[in-house]
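Residue-level listing of the chains:
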Amino acid sequence: MRIARFSIDGNVAFGAVEGEGTVESGALVIDIIKGIPYTDFELSGTKVPLSKVRLLPPVLPNKVVAIGRNYAEHAAELGNEVPDVPVAFFKPTTSVIGSGDAIEYPSFSNELHHEAELAVVIGRMCREVPRERVKDVIFGYTCANDVTARDAQEREKQWARAKGFDTSCPLGPWVETDLDPGDLAIQATVNGEQRQLGRTSDMIRSIEDLVVHITEAMTLLPGDVILTGTPAGVGPLHVGDEVAVTIEGIGTLTNKVIKRG
């Protein structure tokens, strides 16, 4: 099931996306959910064309825990070794935007990069999750773009500003709850030109590895997001560019880059 978060007539709700095609095709409808999707819910039967609503970030996470250097070729292209343990960092909630929202080019950077990633959405409160229970705590999966101010990342030697600035975490267009994430194609295009193309099977550490590692240290809450790393091919974004992240079985997350302010 594809679960979207949206606004219509000033109201915000969740809904199940039905039909085939793209957001722009006009062939999709959304069946409004009664309540929130992390618990047992009912579909209202009230259906609205997806073209008539504004898609929002599919979740509002308490925290986004991101993993760096989880694809060997991406680590190599930036001159980095594969780390012995997962490299984790945070992106604040103020960095989260939805599909169709603008990425604002930060004033402190001259080198903005796209990073297409599979995002894991947590469905229940959890801590110290054993490997065999990881699937039980996952709500679903969505597309993510870990937008990075590469020059600031290199200059500052830590990633808080480089990866945590406002609008640096596009998520969407919805959460797919029925998906095997083990071997999915993941792609990034800029202005229609392919930049990244990889498969989730190339991850150094699996989703099970990452959930176990993260929850050894902290409690995850419903709606929290884990970014699982990016394949090779990261590259520059400029004002006016349209960047799209497409993941097999989920859909396409599209954002335009604008000048801040």
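Please refer to the structure higher up on the page.
So, here's what we can say about the structure. Quick caveat, the model's predicted, so the values are computed rather than measured.

### What to know about the pattern of salt bridges
Thinking step 1. Scanning the entire structure with this criterion turns up 14 salt bridges.
Thinking step 2. Salt-bridge contacts for R150 lead to E115; the nearest nitrogen and oxygen are separated by 2.7 Å. Of this pair, R150 sits in helix α3 (residues 150-156) while E115 sits in the loop between β10 (112-114) and β11 (116-122), placing them 35 residues apart in sequence. Both residues of the pair, R150 and E115, count as buried.
Thinking step 3. Measuring nitrogen to oxygen at the nearest pair gives 2.7 Å for the salt bridge that ties E156 to R161.
Thinking step 4. Taking the relative accessible area as the measure of exposure, E156 reaches 22% and is therefore partly exposed.
Thinking step 5. Each of K91, E115, D146, R150 and K163 takes part in salt bridges that share partners, so that together they form one network.

### A short note on the nonpolar core
Thinking step 1. In terms of nonpolar packing, the biggest core is built from 39 residues, with L50 and I247 touching the most fellow members.
Thinking step 2. Contributing elements (two or more residues each) for this core: β1 (2-8), β6 (64-68), β11, α2 (134-137), β12 (138-145), β15 (185-190), α5 (207-215) and β19 (242-247).
Thinking step 3. Here L50 is in contact with V17, V23, L28, V29, I30, L55 and W174, once residues within four sequence places are set aside.
Thinking step 4. Counting residues in hydrophobic clusters, the runner-up holds 19 residues, among them F14, V96, A144 and C169.

### Focus: the sheet that holds strand β16 (residues 193-199)
Thinking step 1. One open sheet accounts for 5 strands, arranged β9-β20-β19-β15-β16; its pairing is mixed. What marks the edges here is a single partner per strand, and that holds for β9 (102-105) and β16. Strand-to-strand twist of the sheet, defined as the mean angle between neighbouring strand axes without regard to direction, takes the value 20°.
Thinking step 2. As defined by bridge partners, β15 adjoins β16 across 6 bridges and the pair is classed as antiparallel. Pairing of V190 across the sheet is with E193, part of β16.

### Structural notes on the environment of F108
Thinking step 1. Assignment of secondary structure puts F108 in the loop between β9 and β10.
Thinking step 2. By relative accessible area, F108 is classed as partly exposed at 22%.
Thinking step 3. For the pair formed by F108 and G19, sequence separation is 89 residues and the distance between their alpha carbons is 43 Å.

### Quick notes on the side chain of N70
Thinking step 1. Position of N70 among the secondary structure elements: in the loop between β6 and α1 (72-77).
Thinking step 2. One polar contact links the side chain of N70 to the main-chain amide nitrogen of R205, over a distance of 2.9 Å.
Thinking step 3. Once you skip the residues sitting within four places of it in the chain, N70 turns out to touch D202, M203, I204, R205, L210, T228 and G229.

### Overview of the pairing of β9
Thinking step 1. Going residue by residue along β9, you find I103 and Y105 tucked away on one face and A102 and E104 left uncovered on the opposite face.
Thinking step 2. Bridging between β9 and strand β20 (residues 251-259) involves 4 bridges; their strand directions are parallel. Each bridged residue has a counterpart across the sheet, and for Y105 the counterpart in β20 is K259.

### Describing the sheet that holds β10
Thinking step 1. What the 3 strands build is an open sheet, ordered β13-β10-β18; its pairing is antiparallel. Of all strands in the sheet, those with a lone pairing partner are β13 (148-149) and β18 (235-237), marking the two edges.
Thinking step 2. Across 2 bridges, β10 lies against β13 in antiparallel orientation. Bridge pairing in β13 links L112 to A149.

### Looking at the pairing of β15
Thinking step 1. Here β15 folds back onto β16, and the loop between the two strands holds 2 residues, one of which, N191, carries a positive phi near 55°.
Thinking step 2. For β15 and β19, the ladder comprises 5 bridges, and the chain directions are antiparallel. Paired with I186 across the strands is I247, a residue of β19.

Reading guide: rules and limits
- Residues numbered from 1 in each chain as written.
- Predicted model: local features only at pLDDT ≥ 70, side-chain atom pairs only at ≥ 80, totals over all residues.
- Heavy atoms only, no water.
- Salt bridge = Lys/Arg side-chain N within 4 Å of Asp/Glu carboxyl O.
- Helix = DSSP H or I, 4+ residues; strand = E, 2+ residues; numbered from the N terminus.
- Buried < 20%, exposed > 50% of the residue type's maximum accessible area, 1.4 Å probe, protein only.
- Core = buried A, V, L, I, M, F, W, Y, C linked by side-chain atoms within 4.5 Å.
- Contact = heavy atoms within 4.5 Å.
- Pairing = 2+ DSSP bridges.
- Axes fitted to C-alpha atoms, helices over the stretch in contact; angles between N-to-C directions.
- Polar contact = N/O pair within 3.5 Å; in protein donor to acceptor, adjacent residues only side chain to side chain.

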